[in-house]
Structures are given as structure tokens and as C-alpha cells.
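Chain by chain, the residues run as shown.
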Amino acid sequence: MLMDLLTAKDNVAIVLPGGFEIYKYALMITFGILLSFVLYLILSKSRGIDIDFSLELFIWVVPLAVIFCRIFYVVPRLGEDYTLKTWEGFLECLDIRGGGLTIIGGIFGGALGIFFCALRNKKYSLMYVADCVVIALFVGQIIGRWGNYFNQELYGIEVTNPALQRFPFAVFIDARQTWHYASFFYEGVLNAMGLIIALLLFYLPKKKLKAGTFSLFYLMWYGFVRGTLEFLKGSDTQTIGNSGVKTVQLICYIMCIVAIVLQILLQTGKIKLESARFAKRCEQRRDLLQEKAVAQALAIVKGESFSDNNKEAEESDKKEN
């Protein structure tokens, strides 16, 4: 196995028995997801979110994020690079190993995962959880961008100045035999700055910030960073029709502007990003479940049978509905 790793071609990390190849890109993405989850667990613990909920959240968020990453990559390219008119074309659309994920889609998919998990459990409000997730997401993106390095993608326009033809200013692209701006590295560094700011805001203020503050900060920061870096890319990026407007850049700047406006309204008390009623229901349900768990533990210690005849948590939901 070690010999395979050392002798494999550049973009392949491991060759398993039978010839199945595991790419360095996949390893970096996987490592980024796992490290993000570790940071999320640290953040969520400080907010009192239990591990059972966090594990279920992971199961919801990661698959939906990957699915939507693929959808956002394939849909703009239907008719050109992909087709749904044939079975083979449909399978190609599903072939993630063939390459092609758009992080913007992952944001929407992950948000849906948080939404469904929060509604199903009714233990923690949506924004309460989302603020922890988005901070951890920075880590996944920082590490994941090194997957782009191994894949030799997400680079900028050609660098013709010999003085800049070295890393980290530029990266040599084998397929083109030319130097290009290392956009992936710039994005990783800027996201690392965003992560530091978010962590400082999370831990330093004596008064807890309003729910949704970090979610809006992430959307603003990432939207501005990714949208601005699109200027370093060539004309071969996906555009809206023949307008010349880059699809990702437009989405990112709209996301950034909307996030800034909502952040101002949130901090000035003009809006709330979560329902006070739902947040209160979550708190009540959590208290009931904790009381039930304590009572059950005491019954076990005493050797008594425990029956949840009142089913208070469920009855509370029914009354509210």
C-alpha cells in the first residue's frame, strides 16, 4: 500500500487492490469534512448541543451538501457538457468521481440539512445550530482548496511576469505548461482570516451575539471573497447565457449584499432570523427530555421499572400544533 502511494501518478494518493484509485482531492475533501466536524463539536459543546443531535446533523448535512454541490455544477452545463436525454448522460451527471463540485451548492444543501434536522428534533433552533456549522465550514473550505491544488484547478489567468512565476503568487499548470494565479491559495488564506475573525467573535464577547450573526457573517465573507476572486479567472468560466456575466460571481455578490443588509437589520433589532416561539418550544422540549432522561437513569439505579406514560414532550408538540 505504501509503495502504491509513493509510485502513484500525481493526482492519485492510493491505489487499492483491483486498481481502484483514491485521489488526493478526495482525501483532502474528506479530511476537511472530518476536521470541520471536530471544530463543530467544540463549538456546539460550548452552546450545550448534545452529541446525539450533532451526529444526526452530520448525517443530514454532509450528503445533502455533496448532492447540491454536484447539482449546482451540472445544471448550468446541461446541453453543453452534460445531458439528461440518455441513460448514459444521466449516469455521467451523477459521476462525482469524474470531477465537478460547486461549493455554493453545498451551502444551500447544508442549510437544508440543518433545517430538516432542527425541525425533526425540535431541541435546538435553526440559527442556534447554523451559527456553529458555518464557522466550522471555513475549515473544510480551507483544507478542501488544497484538493484543487492537486487537481490543478481553480486557478486564475496566466501570469506572464517572471518575478511572480512562483508559489504562492502563482502555480504551474501542467496541462497548459504555463503559470497562473493561485486563486485556490488566495481563497484559502482569506477564508482562514474569516475563520479567525469568527472565532474571536464567538469566544471573546461577554454578551452572546444575536442568533444568526455568524451565519450572515459567513455568507457575507465568502460571497465577497469568492466573487472578487472570479476577476482573476479567465473567460472560460460559466456565464449567464451570452451576457458575459459570470454565474458564480453574480450569485456570490448577491449573497454578500443580502447578507450585509440582513446583518444590519438584525443587529439594529429590526428583524429576527428565528422564530421566538419555535426557539421557546425547543427549549421546553429539551428541558422535558432532560428531565425524562434523569428520571429514567434514577429508576435504573434503584432497580425500578420506568414507563413514560405522560409522554410530555410529545404532548407538548401536539398542543402547539
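Up top you'll find the structure we're talking about.
Residues numbered from 1 in each chain as written. Predicted model: local features only at pLDDT ≥ 70, side-chain atom pairs only at ≥ 80, totals over all residues. Heavy atoms only, no water.

J.: Honestly, the pattern of salt bridges in this entry has me stumped. Any pointers?
T.: Side-chain pairs of opposite charge can arise where the charged atoms are in close proximity. Tallied over the entire structure, the rule returns six salt bridges. For Lys123, the salt bridge goes to Asp50, with nearest N and O atoms at 2.6 Å. Of this pair, Lys123 sits in the loop between helix H5 (103–121) and helix H6 (126–151) while Asp50 sits in the loop between helix H2 (24–46) and helix H3 (51–74), and the two are 73 residues apart along the sequence. The salt bridge partner of Lys233 is Glu230, with a shortest N-O separation of 3.1 Å. (Salt bridge = Lys/Arg side-chain N within 4 Å of Asp/Glu carboxyl O. Helix = DSSP H or I, 4+ residues; strand = E, 2+ residues; numbered from the N terminus.)

J.: It is not clear to me how H6 should be interpreted in this structure. Could you clarify?
T.: Residues lying three or four places apart along an α-helix face the same way, a consequence of the helix completing one turn every 3.6 residues. Helix length check: H6 (26 residues) gives 35 Å between terminal C-alpha atoms against 38 Å at 1.5 Å per residue, within 8%. Counted residue by residue, H6 has 19 buried out of 26 residues, so it is predominantly covered. (Expected span 1.5 Å × (residues − 1). Buried < 20%, exposed > 50% of the residue type's maximum accessible area, 1.4 Å probe, protein only.)

J.: Help me understand the nonpolar core, please; the structure alone is not making it clear to me.
T.: Soluble globular proteins tend to pack their nonpolar side chains together in the buried interior. Within the largest apolar cluster, 39 residues are counted, with the highest numbers of intra-cluster contacts made by Tyr40, Phe53, Leu57, Val129 and Ile135. When residues of this core are assigned to their parent elements, the largest contribution, 12 residues, is made by H6. Each residue touching Leu57, except ones within four places of it in the same chain, is listed here: Tyr40, Gly113, Ile114, Cys117, Val129 and Val133. Leu154, Ile173, Ala182 and Phe184 belong to the second largest nonpolar core, which has five residues in total. (Core = buried A, V, L, I, M, F, W, Y, C linked by side-chain atoms within 4.5 Å. Contact = heavy atoms within 4.5 Å.)

J.: Looking at this structure, how should I read the pairing of strand E4 (residues 178–181)?
T.: The side chains of a regular strand alternate, residue by residue, between the two faces of the sheet. Of the strand pairs in this sheet, strand E3 (residues 170–173) and E4 are connected by four bridges, and their pairing is antiparallel. Note on E4: the bridge partner recorded for Val171 is His180. A loop of four residues connects E3 with E4, the two strands running antiparallel in sequence, and Gln177 in this loop sits at a positive phi of about 60°. (Pairing = 2+ DSSP bridges.)

J.: Would you mind going over unusual backbone geometry with me for this structure?
T.: Leave glycine aside and you will find that most residues have negative phi; peptide bonds, for their part, are mostly trans. Of the consecutive residues Phe167 and Pro168, the connecting peptide bond is found in the cis state with omega at 15°. Look at Gln177: it is not a glycine, yet its phi comes out positive at around 60°. Along the chain, Gln177 falls in the loop between E3 and E4.

J.: Got a minute to help me understand the packing of aromatic side chains in this structure?
T.: In this description, an aromatic ring pair is defined by two values, namely the gap between the centres and the angle between the planes. Evaluation of the coordinates by the stated rule reveals 25 aromatic pairs. Pairing Phe37 with Phe58 gives two aromatic rings, centres 4.7 Å apart and planes at 55°, and the pair type is tilted. Note that Phe37 is positioned in helix H2 and Phe58 in helix H3, a separation of 21 residues in sequence. Judged by relative accessible area, Phe37 falls into the buried class, the value being 16%. Among the residues examined, Phe58 registers a relative accessible area of 26% and is labelled partly exposed. An aromatic cluster of at least three residues, connected via ring pairs, comprises Trp146, Tyr149, Phe150, Phe167, Phe184 and Phe185. The ring of Tyr128 carries Arg47 above its face, with NZ or CZ at 5.2 Å from the centroid. (Phe/Tyr/Trp six-rings, centres within 6.5 Å; stacked < 30°, edge-to-face > 60°. Lys NZ or Arg CZ within 6 Å of the ring centre and 35° of its normal.)

J.: Sorry, what's going on with the packing of helix H7 (residues 183–203) against helix H8 (residues 213–229) here?
T.: A pair of packed helices is captured by two measures, namely the crossing angle of their axes and the spacing between those axes. Orientation of H7 relative to H8, taken along the N-to-C sense of each, is 160°, at an axis distance of 10 Å. Taken as axis vectors, H7 and H8 run roughly antiparallel relative to one another. Here the hand of the crossing between H7 and H8 comes out right-handed. Across the interface between the two elements, Ser183, Tyr186, Glu187, Leu190, Asn191, Met193, Gly194, Ile197, Ala198, Leu201 and Phe202 from H7 touch Phe214, Phe217, Trp221, Tyr222, Val225, Arg226 and Leu229 from H8. Of the residues in the contact of H7 with H8, the class split is 13 nonpolar, three polar and two charged. (Axes fitted to C-alpha atoms, helices over the stretch in contact; angles between N-to-C directions. Parallel < 35°, antiparallel > 145°, perpendicular 65-115°, else oblique. Left-handed = near helix turned anticlockwise from the far one by under 90°. Nonpolar A, V, L, I, M, F, W, Y, C, P; charged D, E, K, R; others polar.)

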